[in-house]
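# Overview (structure and organization)
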Amino acid sequence: MTDEVLLSTTEGQRPDQKASDFAHSGRLAQPGLELRFEHLSFSVKGKQILEDISGTAHPGKVMAVMGPSGSGKTTLLNVLGGRVQCARCQATIGGLPLTKKTRRKISYVLQQDIFFPNLTLQQTLEFAAELRLPESMPTACKKEIVAQLIEQLDMEKCTKTIIGDNMNRGLSGGEKKRANIANELLTDPAVLLLDEPTSGLDSSTAYALTISLKKYAVQSGKTVMMTIHQPSVQMFYQFDTILLLSAGRIAYYGTPSDVVSHFAEMGHSCDTSHYNPADFILDVVKSGSEAAEHLIADSNQRRLTTPDCPILPETVAGKAKGALVSRDDVVITTETGKEKFSNLNLNESDLRNGNYSTGNGKAAANDEKYISRDPEKADVIDDVKSSVDESDLSLEDENRRRWPTSFTKQLSVLTIRSFIQGKYRYLSTLKFVKTIGVALITGLVWWQIGRGKITEQQALDIGGALFFITVFNSFNSLFDVLVIFPSEREVVNKERMGGSYRLSSYYISKTISELPLALVLPSISMIIFYWMAGLNGYNNAWAFFGSWLDMIMVTIASQSLGIFVSAATMDFEHGLVLAIFMMITYMLLGGFYIKSLPPWLSWLRYVSPFLYAWTLMLYFEFDSDYRVICNTENSLYPSCLPPQGGGNDTMATISSNTTRYVKKSEILVFNGADVPAWICCVALVTTLVLFRVLGYVLLRLFHKPIVK
Ligand SMILES: Nc1ncnc2c1ncn2[C@@H]1O[C@H](COP(=O)(O)OP(=O)(O)OP(=O)(O)O)[C@@H](O)[C@H]1O
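The name given to the protein in an unreviewed UniProt entry is ABC transporter domain-containing protein, with Clavelina lepadiformis as the source organism. Its UniProt record, at the heading Sequence similarities (unreviewed entry), says of the protein: "Belongs to the ABC transporter superfamily. ABCG family. Eye pigment precursor importer (TC 3.A.1.204) subfamily." The UniProt entry for the protein carries the following text under Subcellular location (unreviewed entry): "Membrane".

Next up, the structure:
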């Protein structure tokens, strides 16, 4: 990676006037901002993960958050990046409280490099630019920004390389990491958070990346904060500030150059000629709770005089000795200094007006830089504050602020992206081989069975063939979705957490883009099988088109079922179990295997889409009274039986010369196809729509984007 890597897109390096104009419009040329967090405490299910964490990340500087595994590094970044809700976490960016709106100035590079594997690097970044950059920006401008990022990240060689996954090789680990960073730099954030950006990289690549981040911070004046596990010596000294965590508390806050002398003062001398100071401090913190507690206590004392990293007095005093700040105390740090107010009468209107009534007077909330207070009241204040923020916004304003692009823009971009990504999944060579192979086998097994006049046995066999091909394509379609949907979840989760688009845009775009893709293989399967088996299309072309349409409907209905099952379970294994259960039930009730269900169960057959699909197939196949020749003996059909008593037969036997034919209605009745054709169509369309809608509702209600 070159030294220029990661330079801001706003450095005036773009030769193209349009892009520069845009950059100068102020949208992309935002300066770095100070990120200040004070007394962050965070717990999950009663487990304290962060406790009184403070710090300040400055523009043009890089802060490294270090600590042993499980010390809370990622959690700290998740809190600051808004990936987890934390009612008691107060932070400011550029002096303003960190809210949903101001947090948009922060970009968060996750530890995992989560992308759609079949898109190329260029496609990935261009789609991200379309979704995340303002809609008013010309596409040419967005492309140029992407091209510049690619160039600055020294990735020109791999613009056309797919991202890749375990199955298909694509970008290398280091390239993926850079792609991940480029993806976040697109929006030119004021603050860049990175969770373990060097994990999985070899030492020289990790060092190059650190240098690049440092240069990015210095040259573009941006604020960079990153977690890191075990930096090399050279990397360690690139950082401006080290925030060392131990079990969720601060064990050291300061510069890397001071760390060795500080630890020596604490009785932990480091032979820097043989020991990497980064490894050393981690080893000391990990060596035992006594050493760590000692360091934390000392760091707490130092924090009393470190404005960048303030501490709550009760933390210094230690909980065992009793809190210095009473339950009702609120400490307000104002421009004029820190003031402590006792016995506040916090009521909603005061909070809304920004007035905190105290025994000593009023403190204006608007003047506050930061409020640290009793956790129980924190919730009250947060709730009230957030309701004030939201009430200030009209719905339209809120939508505009919430999403960088309109619904239609999201829909069109996501549809194209989903189509490109989906085509590799739905139309892979393996899937073609499987579909064509099975179609050829079934075609051979039922070879020309339907040509000309057929026997009663052949009619039965054709019923079996039609049922088989319906079930086969439905299973295929369902399992495609089951495999694809959960694997997309991580990408969609990440993008939705970043506020890139609405769930509805994603869902509708997926439906639109995958519809044509899902039709290709069933159509091929149907064409091969149908003509090899010599079915009724030879006699009546409409029979073929009807059967094909029927196949398409049941295939899409199965796709909808797959989406519903995936949304209900959201992982492949659970989805597989539920899908197999539902499909086997539908199959058994579909009418082919059992024609005399127990009366108390017979209503259940009407829930099976296979019943409707197969019935429609039978309608198209047996559309003539002169196709199936009666058995001369042991016929299954009443109309083929000889007339009783030689008189007029009420069951009009159909004959042509001496050959007797089975009435088409009797074939349908024998197969249990007792549902009118139009009801079959309505039932299939209803299944298709119902499961799609249910899938959306489940996603909306139960699968909000989450942090793993
Ligand atoms: N949602 C959660 N539920 C329960 N425990 C959690 C949750 N999130 C984090 N933790 C716990 O909090 C602690 C800190 O986790 P975190 O991922 O922040 O550590 P870390 O320092 O980033 O670790 P690593 O370096 O291994 O990534 C761990 O003990 C973890 O198990």
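Having put the structure on the table, let's press on.
## Thoughts on the packing of helix 17 (residues 456-497) against helix 18 (residues 503-533)
Packing of helix 17 against helix 18 leaves a shortest axis separation of 11 Å and a crossing angle of 150°. In this view, helix 17 runs roughly antiparallel relative to helix 18, as classed from their interaxial angle. Crossing hand, helix 17 versus helix 18: right-handed. Residues Ala465, Ile469, Phe472, Asn473, Ile484, Phe485, Glu488, Val492 and Arg496 of helix 17 form the contact with helix 18, whose own contacting residues are Leu503, Tyr506, Lys510, Glu514, Pro522, Ser525 and Phe529. Split into classes, the residues belonging to the contact of helix 17 with helix 18 amount to 10 nonpolar, 2 polar and 4 charged.

## Re unusual backbone geometry
Phi at Asp188 is positive, roughly 50°, even though this residue is not glycine. Along the chain, Asp188 falls in the loop between helix 5 (173-185) and strand 7 (191-194). With relative accessibility at 1%, the residue Asp188 sits in the buried group.

## A few points about the state of the cysteines
Inspection of the entire model under this criterion finds 1 disulfide. Paired by a disulfide, Cys630 and Cys640 hold their sulfur atoms 1.9 Å apart. Between Cys630 and Cys640 the disulfide shows an S-S torsion of about -65°. By sign, it is left-handed. Within this pair, whereas Cys630 is found in the loop between strand 17 (628-629) and strand 18 (654-656), its partner Cys640 is found in the loop between strand 17 and strand 18, the two being separated by 10 residues in sequence. Of the two residues, Cys630 and Cys640, both sit in the buried class. Cys681 supplies the cysteine sulfur nearest to Cys680, a cysteine that is in no disulfide, at a spacing of 6.8 Å. When its relative accessible area of 0% is taken as the criterion, Cys680 is described as buried.

## Considerations on the packing of aromatic side chains
Going through the model one piece at a time under the given rule, you end up with 24 aromatic pairs. Pairing Trp446 with Phe529 gives two aromatic rings, centres 6.3 Å apart and planes at 90°, and the pair type is edge-to-face. Of this pair, Trp446 sits in the loop between helix 16 (429-445) and strand 16 (454-455) while Phe529 is found in helix 18, placing the two residues 83 residues apart along the sequence. The burial state of Trp446 is the same as that of Phe529; both residues are buried. Plain terms: the ring middles of Tyr530 and Phe544 are 5.0 Å apart, the flat faces sit at 65° to each other, and that makes the pair edge-to-face. Of this pair, Tyr530 sits in helix 18 while Phe544 is found in helix 19 (residues 541-569), placing the two residues 14 residues apart along the sequence.

## A word on the sheet that holds strand 6 (residues 106-109)
Taken together, 6 strands build an open sheet; the order of strands is 6-7-8-3-9-10 and the sheet is mixed. For this open sheet the edge positions go to strand 6 and strand 10 (249-254), each flanked by a neighbour on one side alone. When the angles between neighbouring strand axes are averaged without regard to direction, this sheet yields 15°. One ladder, built from 4 bridges, connects strand 3 (residues 62-66) with strand 8 (residues 223-227); its direction is parallel. Each bridged residue has a counterpart across the sheet, and for Val65 the counterpart in strand 8 is Thr227. Sitting on the sheet, helix 2 (residues 73-80) is in contact with strand 3, strand 6, strand 7, strand 8 and strand 9 (241-246), with an inclination near 145° to strand 8.

## A look at the pattern of salt bridges
With the rule as written, the count across this model stands at 14 salt bridges. For Lys143, the salt bridge identified is with Glu126, shortest N-O distance 3.9 Å. Taken together, the residues Lys143 in helix 4 (residues 139-152) and Glu126 in helix 3 (residues 121-132) connect sequence positions 17 residues apart. Using a relative accessible area of 43% as the deciding quantity, one classes Lys143 as partly exposed. Note that Lys510 and Glu488 form a salt bridge whose closest N and O atoms lie 3.5 Å from each other. Note that Lys510 is positioned in helix 18 and Glu488 in helix 17, a separation of 22 residues in sequence.

## Looking at the UniProt feature "transmembrane region" (unreviewed entry) in the protein
Taking the UniProt record as the reference, the feature "transmembrane region" (unreviewed entry) is found at residues 432-450, 462-485, 506-533, 545-568, 575-594 and 675-699. Secondary structure across residues 432-450 divides into 74% helix and 0% strand, with the first and last C-alpha atoms of the span separated by 26 Å. For residues 675-699, the end-to-end C-alpha separation is 34 Å, with 92% helix and 0% strand making up the annotated structure.

## Focus on the pairing of strand 1 (residues 35-44)
In terms of residue burial, strand 1 counts as a mostly covered element, since 7 of its 10 residues are buried. Relative to strand 4 (residues 90-93), strand 1 runs antiparallel, the two sharing 4 bridges. Bridge assignment links Leu35 to a residue of strand 4, and that residue is Ile93. As judged from the 7 bridges shared by strand 1 and strand 2 (residues 47-57), these two strands associate in the antiparallel manner.

What counts and how
Along every chain, residues carry numbers that run from 1 in the direction the sequence is written. Only residues with pLDDT of 70 or above have their local features reported here, since the model is predicted, and side-chain atom pairs are shown and tallied only from 80 upward, although totals for entire chains, interfaces and linings are computed over all residues. Side-chain metrics in this entry use all non-hydrogen atoms of the structure; hydrogen atoms and water are not considered. UniProt positions are given in the numbering used here, feature names are shortened, and annotations may be inferred rather than shown by experiment. Orientation is described by axes fitted as lines to C-alpha atoms, over the contacting stretch for helices, and by angles from 0 to 180 degrees between their N-to-C directions. Numbering of helices and strands runs from the N terminus; a helix is a DSSP stretch of H or I covering at least four residues, while a strand is a stretch of E covering at least two. Every angle not falling under 35 degrees, over 145, or within 65 to 115 is termed oblique; those three ranges are roughly parallel, roughly antiparallel and roughly perpendicular. By convention the crossing between two helices is left-handed if the near helix lies anticlockwise of the far one by an angle smaller than a right angle, and right-handed if it lies clockwise. Contacts: residue pairs with any heavy atoms within 4.5 Å of one another. Any residue outside Ala, Val, Leu, Ile, Met, Phe, Trp, Tyr, Cys, Pro, Asp, Glu, Lys and Arg is labelled polar, Gly included; the first ten of those are nonpolar and the last four are charged. Note on exposure labels: buried denotes an accessible area under 20% of the residue type's maximum, exposed denotes more than 50%, and partly exposed covers the range between, all computed with a 1.4 Å probe on protein chains only. When two cysteine sulfur atoms are found within 2.5 Å, that pair is recorded as a disulfide. Two aromatic rings from Phe, Tyr or Trp, using only the six-membered ring of Trp, form a pair when their centres are within 6.5 Å; if the ring planes differ by under 30 degrees the pair is stacked, by over 60 it is edge-to-face, and anything between is tilted. Pairing between two strands requires that DSSP report at least two bridges joining them. A pair is scored as a salt bridge if a Lys or Arg side-chain nitrogen falls within 4 Å of a carboxyl oxygen belonging to Asp or Glu.

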